[in-house]
Amino acid sequence: MQPDELVEFAKQRLAAYKYPRHIWLVDELPTGPSGKILKRAIRAPATS
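Parameters and conventions
- Residues numbered from 1 in each chain as written.
- Predicted model: local features only at pLDDT ≥ 70, side-chain atom pairs only at ≥ 80, totals over all residues.
- Heavy atoms only, no water.
- 1 Å grid on protein atoms, 1.4 Å probe; cavity = no way out; pocket = protein on both sides within 12 Å on 5 of 7 lines; lining within 4 Å.
- Points joined across faces, edges and corners; volume = space filled by probe spheres on them.
- Nonpolar A, V, L, I, M, F, W, Y, C, P; charged D, E, K, R; others polar.
- Patch = residues over 30% accessible without salt bridge, like charges linked within 9 Å, V, L, I, M, F, W, Y side chains within 5 Å.
- Areas by Shrake-Rupley, 256 points an atom, 1.4 Å probe, with all protein chains shown as cover.
- Salt bridge = Lys/Arg side-chain N within 4 Å of Asp/Glu carboxyl O.
- Helix = DSSP H or I, 4+ residues; strand = E, 2+ residues; numbered from the N terminus.
- Buried < 20%, exposed > 50% of the residue type's maximum accessible area, 1.4 Å probe, protein only.
- Contact = heavy atoms within 4.5 Å.

## A short note on the layout of surface pockets
Its boundaries defined by the atoms lining it, the largest pocket holds a volume of some 170 Å³. If you trace the largest pocket, you find it lined by Trp24, Val26, Glu28, Leu29, Pro30, Ile42, Arg43, Ala44 and Pro45. Looking at the lining of the largest pocket residue by residue, the class counts come to seven nonpolar, no polar and two charged.

Below, the structure written as structure tokens:
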């Protein structure tokens with residue numbers, strides 16, 4: 001699924017203020033020693 005398709009899917013099912021404005025596809029998320037996702041370590045990719 002492409003980012004544009006995900007946004008359209010969310011728009012149909014969520015309120016206008018809840019759907020995501022930006023989506024970045026990444027290979028893996030940063031995790032800590034316990035295997036939980038480290039939300040504070042997630043960064044938007046650099047724009048080219």
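## Considerations on a nonpolar patch on the surface
Taken together, the side chains of Trp24, Val26, Leu29, Ile37 and Ile42 define a hydrophobic patch exposed on the protein surface, amounting to about 470 Å² of accessible area. Mapped onto the secondary structure, Trp24 falls in the segment after α1 (3–13).

## Details of the environment of Leu25
One can find Leu25 in the segment after α1. Residue classification places Leu25 among the exposed residues on the basis of a relative accessible area of 56%. Considering only alpha carbons, one finds Leu25 and Pro45, 20 residues apart in sequence, at a separation of 9.5 Å. Residues contacting Leu25, with those up to four places away along its chain left out, are Met1 and Pro3.

Keep in mind these numbers describe shape, not what the thing actually does.
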